[in-house]
Each structure stands twice: as structure tokens, then as C-alpha cells.
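As a plain string of letters, each chain reads:
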Amino acid sequence: MVTFSLERTPPLTPDEAWRRLTRWPRHAGAVPLTRVTVLTPAPTRVGTRFVARTGVGPLCFDDPMEVTVWRPPADGEPGRCRLEKRGRTVLGWAEIEVLPGPGGRARVRWREELRVRFLPAAFDPLLHRTARAMFGRAVNRLLRQP
């Protein structure tokens, strides 16, 4: 199991950063070889479920997730979303926080605990580096693209 965190201060308002990070289908454009299917009706709320399917052909896996905390930023208060990973292969959670930052900009925190079933702990350092780099690029793309 690995845990990592990322922080960004994009030139966006907290509301816009939140919108860009929590529109789940947009994640497919930020994570290579991934499609995202939302399984529950809009709008997003506690109980919303979606699946990120990553891979090509038979070499793929599903990463089903459920929103367990949903608190968009409002009235200067930070926003917080927690996703629980409910899959057979990928387990753990992710938390997205969007806080008021300097000069009206957003401050984004992304924390994640990730476990890949059947992957020995000896691979944790590699998983940590790979996941942090991949999610770092994905967060950057999500925040850059309107």
C-alpha cells in the first residue's frame, strides 16, 4: 500500500478548480488509455459511482469508485470530496480538497492511498513513484483544460 499527496495552486478560482477536478468523465482525457463511465444519475453527490477502465483489449482493469464525501467549496469554505475505490484489483481511497489560496486562486490538495491486490510490498516504492507521477500529470491536465 502506498500513500501520496500532491498540491497545486492553479490560476483558477476555487469553484472553477473544483468543477475541473470533479467532472469524472474528464478524467479519461487526463489519464492515458482510460475511459470513465458514471453509473449513477447526475448531479454528483454522496453515493455517486463511476468506473475508470484502463488498458487495451484484454489487458485492462476496472477501478470502480464511490463518492463518500461531497462538499463543494462555498462561501470561502474549502471543498472536499472523498472517493473509495471498490475494485477487485485497485483498492484504497482518494481525497480532493480545494481551498481558497493566495490572491483568490485555488489551492488544490490531492491525497491518495493506493493498493494493488496481489502486488507484493516490495513493489511499493515503484508503485509510489509511478502513481505520484501519473496522478500529478493528470491533475495538471485537468486543471489546465477548461
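Note that the structure is a prediction, hence the values are computed from the model and not measured.

**Regarding helix α2 (residues 124–144)**
Right, so step 1: Between its first and last C-alpha, α2 extends 30 Å over 21 residues, near the 30 Å set by a 1.5 Å rise per residue.
Right, so step 2: Taken residue by residue, α2 has D124, L127, A131, F135, G136, A138, V139, L142 and L143 as its buried positions.
Right, so step 3: Contacts made by the buried residues of α2 are with β1 (2–8), α1 (14–21) and β7 (106–116).

**Remarks on the pairing of strand β3 (residues 49–56)**
Right, so step 1: When strand β2 (residues 34–38) meets β3, the two strands line up antiparallel, connected through five bridges. Directly across from V38, in β3, lies its bridge partner F50.
Right, so step 2: Of the pairings in the sheet, the one linking β3 to strand β4 (residues 59–71) comprises eight bridges and is antiparallel in character. Opposite R49, over in β4, you have E66 as the bridge partner.
Right, so step 3: Counted between consecutive antiparallel strands, the loop separating β3 from β4 contains two residues, among which G57 sits at a positive phi close to 55 degrees.

**Brief notes about the packing of aromatic side chains**
Right, so step 1: As enumerated under the stated definition, the model contains four aromatic pairs in all.
Right, so step 2: Ring geometry for W18 versus W70: centroids 5.0 Å apart, planes at 55 degrees, classification tilted. Here W18, found in helix α1, pairs with W70, found in strand β4; they are 52 residues apart in sequence, far enough to count as distant.
Right, so step 3: Arranged with centres 6.0 Å apart and planes meeting at 35 degrees, the rings of W110 and F135 form a pair that is tilted.

Basis of the calculations
- Residues numbered from 1 in each chain as written.
- Predicted model: local features only at pLDDT ≥ 70, side-chain atom pairs only at ≥ 80, totals over all residues.
- Heavy atoms only, no water.
- Helix = DSSP H or I, 4+ residues; strand = E, 2+ residues; numbered from the N terminus.
- Expected span 1.5 Å × (residues − 1).
- Buried < 20%, exposed > 50% of the residue type's maximum accessible area, 1.4 Å probe, protein only.
- Contact = heavy atoms within 4.5 Å.
- Pairing = 2+ DSSP bridges.
- Phe/Tyr/Trp six-rings, centres within 6.5 Å; stacked < 30°, edge-to-face > 60°.

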